[in-house]
Amino acid sequence: MLTYDNPVIGGFHPDPSVCRVGEDYYLVCSSFEYFPGVPLFHSRDLVHWRQIGNVLDRPGQLELPDDVPASAGIYAPTLRYHDGRFYMITTTVGAGGNFLVTSERPEGPWSDPVWIDLPGIDPDLAWDEDGSCWCAVAGVRVARIDPATGKVLEGPLPVWSGTGMQHPESPHLHRVGDWWYLMLAEGGTAHGHSVSVARARSPRGPYEPAPANPVLSHRSTDLPIQSTGHADLVQAVDGTWWMVLLGTRPRGFFPEFHVLGRETFLTPVEWVDGWPRVGPVQQRHPAPAAWHPVELPPDRDDFDAAHLAPYWISPRSRPDRSWSLAERPGHLTLHATGDSLDRPGHTFVGRRQQHPDCRIAARLQSATGRAGLSVRMDEAHHYDLEVAGGEASVIARIGPVRQCLARQPVAPGPVTLTVEIRTRDLVSPTGEDAPGLRAGGPDVLALGIDGVPLAELDGRYLSTQVAGGFTGRVIGMYVTEGSASFDWFEYLPAGS
């Protein structure tokens, strides 16, 4: 029997929404303050996913000014297919509210935004038998809308706010048989996260809660996957039902820390007495009937293509003047737009950390100012490996503290910057190797240059539990003075 490993999409890919078109599955996730926004994935079996683009891939669709804080921006998209078109609806927190975009093809191009005159976050879309389009938002309220204009035609109507736990959000309406099922998240997106369900004969209600709510929660368990919730349903080609949802993989000593953000998991669903039944989300599950592995991106990006791969993201924006693949063919050239990673407006191009153990390297071919490699949670939480003025340095920014932890002279010419992240051989809280000292962190980050180690840093300080917010680590290249060219960037999962 074939099995699959969870998560099916690792790293900071939260709030998954999925739809099926024929034998193809498409999935989107939240992107918060990063541009381009709303990563889009394709699969033929719900297990193997390949990113085929980003829904919001041009400034006209996504304008995130510098004053949009970390973990604001794009929240909880919903992806649906109706009458020959794809629809993606989402919320821009701090920059406009709810809007939708459409496309005939999942790869795009996607339309400019149609703004929805409806307050709330986590919008959903569903169509009834007469073609009416319904939008549900956190709360939970539903409204009948015109998706072509964004006009609210009826409502919003308060229908069901869950079982009484905090933050009833991420509503999804699904028509199954003669019932409309309203699935939502409750309990917040941390350890109390859960999935609850109610049903009605009409999107307007009245809704009857499931007798076994919550239908899924890992709270107060010792399961390795935690924070399970924010789920969406899909029926596979063979008639089986599946749930995609977010979860975390915390590590370390109490209270445990997760550093990859909230990831996308997959679990089977059974229908019993008219209600979905979902077991605990396991690290390994029997696979769906279909099995279609995909070719993953190469470990090394040599920057030979005409466009950046879709997994490259930047905080808030990526102005054309800040980067180029053509200026020096075979290289990614970055130009400074801000003088510090501690404030918005800087030039940074990175990718999500997707594995607990991995090695990242970048070849800095040349630089005229200040450039390097950074492991980022937000402007106040990042570790930097920087080259400037004939010297390499390791800088840690943790909350209000910014400190240079190591320096090493470097000769003129190309240098290779490396970050090795490991969950073994952890350092103690005091940095000493002595009996009785417990290693409390989830991992260690070892930073070096040209094979010379410079510093090993505790991973706790680049975790959600310390930094706060809804994202995970993003590792990338930056420049804060002058310009820099990078010959390649390599991301190697452990065992690769």
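Notes on the structure follow. Computed from a prediction, not measured in an experiment: that's the story for all the values here.

1. Things to note about the overall build of the protein
The helix and strand inventory of the protein stands at one helix and 39 strands. The C-alpha radius of gyration of the protein comes to 23 Å, within 12% of the 23 Å expected for a compact globule of 496 residues. Counting only C-alpha atoms, the protein reaches 70 × 55 × 45 Å along its principal axes. Looking at the protein residue by residue over its 496 residues, the buried ones come to 58%. Across the protein, contacts joining residues at least 24 apart in sequence account for 58% of those joining residues at least 6 apart. Of the roughly 19,600 Å² of accessible surface on the protein, 50% is carried by carbon and sulfur atoms. In the protein, which carries 40 positive and 59 negative side-chain charges, the distance between the mean positions of the two groups comes to 1 Å.

2. Some details on the nonpolar core
Grouped together as the largest cluster of nonpolar side chains are 44 residues, with contacts concentrated most on Phe303, Met477 and Phe489. Residues Val197, Ile225, Phe265 and Trp275 belong to the second largest nonpolar core, which totals 19 residues.

3. Quick notes on the side chain of Ser30
Of note, Ser30 is situated in the loop between strand 3 (24-28) and strand 4 (34-35). Separated by 2.7 Å, the side chain of Ser30 and the backbone nitrogen of Ala76 make a polar contact. When sequence neighbours within four positions are dropped, the list of residues in contact with Ser30 reads Phe12, Pro14, Asp15, Pro39, Ile74, Tyr75, Ala76, Pro77 and Arg352.

4. Section: the sheet that holds strand 5 (residues 37-43)
Pairing within the open sheet is antiparallel, and its four strands lie in the order 2-3-5-6. Every interior strand has two partners, whereas the edge strands, strand 2 (17-21) and strand 6 (50-56), have only one. Averaged over all neighbouring strand pairs, the angle between strand axes comes to 25 degrees, with direction disregarded. Pairing of strand 2 with strand 3 involves five bridges; the strand directions are antiparallel. Paired with Arg20 across the bridge in strand 3 is Tyr25.

5. Some thoughts on the packing of aromatic side chains
Counted under the stated rule, the structure contains 16 aromatic pairs. Between Tyr26 and Phe86, the ring centres sit 5.3 Å apart and the planes meet at 80 degrees, which makes this aromatic pair edge-to-face. With a gap of 60 residues between them, Tyr26 in strand 3 and Phe86 in strand 8 (residues 85-93) connect regions that are remote in the sequence. Like Phe86, Tyr26 is buried. For Arg318, the ring lying beneath its charged end belongs to Trp323, and the centroid distance is 5.9 Å. Its guanidinium or amino end placed over the ring of Tyr311, Arg351 lies 4.8 Å from that ring's centre, counting from NZ or CZ.

6. Notes on the sheet that holds strand 23 (residues 275-277)
Taking strand neighbours across the sheet as the criterion, the four strands line up as 20-21-22-23 in an open arrangement whose pairing is antiparallel. Each edge of the open sheet is held by one strand with a lone partner, namely strand 20 (226-235) and strand 23. Along the sheet, successive strands turn relative to each other by an average axial angle of 40 degrees, direction set aside. Looking at chain direction, strand 22 (residues 263-272) and strand 23 are connected through three bridges and run antiparallel. Paired with Glu270 across the strands is Arg277, a residue of strand 23.

7. Quick look at the pairing of strand 20
With respect to burial, strand 20 is a largely interior element, nine of its 10 residues being buried. Pairing of strand 20 with strand 21 (residues 241-248), which is carried by six bridges, proceeds in the antiparallel orientation. The residue bridging Asp232 from the neighbouring strand is Val244, located in strand 21. Counted along the chain from strand 20 to the antiparallel partner strand 21, the turn is five residues long, and its residue Gly239 has a positive phi close to 95 degrees.

8. Topic: unusual backbone geometry
Gly108 connects to Pro109 through a cis peptide bond whose omega is 5 degrees. With respect to the helices and strands, Pro109 occurs in the loop between strand 9 (97-103) and strand 10 (114-115). A cis amide bond links Asn213 with the next residue in sequence, Pro214, at an omega value of -10 degrees. Relative to the elements of secondary structure, Pro214 occurs in the loop between strand 18 (208-209) and strand 19 (216-217). Positioned with a positive phi, Leu46 is a non-glycine residue whose angle comes to about 75 degrees. Relative to the helices and strands, Leu46 resides in the loop between strand 5 and strand 6.

9. Focus: the environment of Gly440
Mapped onto the elements of the fold, Gly440 is located in the loop between strand 35 (415-422) and strand 36 (444-449). A residue is classified by how much of its surface remains accessible, and Gly440, at 5% relative accessible area, is buried. Between the C-alpha atoms of Gly440 and Gly459, which are 19 residues apart in sequence, the distance is 9.5 Å.

10. Points about the pairing of strand 6
The buried fraction of strand 6 is high, at six of seven residues. Relative to strand 6, strand 5 runs antiparallel, the two being bridged by five bridges. Each residue of the ladder has a partner; that of Pro39, found in strand 6, is Asn54. In sequence, strand 5 turns back onto strand 6 through a hairpin of six residues, with Leu46 there showing a positive phi of about 75 degrees.

11. A word on the environment of Phe489
Following the sequence through the fold, Phe489 ends up in strand 39 (residues 483-493). In this structure Phe489 comes out as buried when scored by relative accessible area, which is 2%. C-alpha of Phe489 to C-alpha of Pro453: the two residues are 36 residues apart in sequence and 19 Å apart in space.

Rules and cut-offs
- For every chain, the first residue of the written sequence is number 1, and numbering continues from 1 along that sequence.
- With pLDDT at 70 or above as the cut-off, local features in this predicted model cover only qualifying residues; side-chain atom pairs require 80 or more to be listed or tallied, and sums for whole chains, interfaces and linings still use all residues.
- Each side-chain value is worked out from all heavy atoms of the structure, with water and hydrogens disregarded.
- Strands here mean DSSP runs of E at least two residues long; helices mean DSSP runs of H or I at least four residues long; both are numbered from the N terminus.
- Computation of the radius of gyration draws on C-alpha atoms, with the globule rule given as 2.2 Å multiplied by the number of residues to the power 0.38.
- Any residue under 20% of the maximum accessible area for its type is buried, any over 50% is exposed, and the rest in between are partly exposed; the area is computed with a 1.4 Å probe on protein chains only.
- The contact criterion used throughout is that any non-hydrogen atoms of two residues lie within 4.5 Å.
- Accessibility throughout is a Shrake-Rupley quantity obtained with a 1.4 Å probe, and a residue counts as covered only by protein chains that appear here.
- The positive count covers Lys and Arg only, the negative count covers Asp and Glu only, and His and the chain ends enter neither.
- Each charge is placed at NZ for Lys, CZ for Arg, CG for Asp and CD for Glu.
- Buried Ala, Val, Leu, Ile, Met, Phe, Trp, Tyr and Cys residues that are joined via side-chain atoms within 4.5 Å together make up what is termed a nonpolar core.
- Identification of polar contacts relies on pairs of N or O atoms within 3.5 Å, with a donor-acceptor requirement for protein atoms, meaning one able to donate a hydrogen and the other able to accept it, and with residues adjacent in sequence counted only if both atoms are side-chain atoms.
- Strands are treated as partners if at least two bridges between them are detected by DSSP.
- Geometry is summarised by axes, namely lines fitted to C-alpha atoms with helices restricted to the contacting stretch, and by angles between N-to-C directions that run from 0 to 180 degrees.
- When the centres of two rings from Phe, Tyr and Trp lie within 6.5 Å, Trp using its six-membered ring, the rings pair. Their planes under 30 degrees apart give stacked, over 60 give edge-to-face, and anything left gives tilted.
- By definition here, charges over rings are those cases where NZ of Lys or CZ of Arg is within 6 Å of the ring centre and within 35 degrees of the ring normal.

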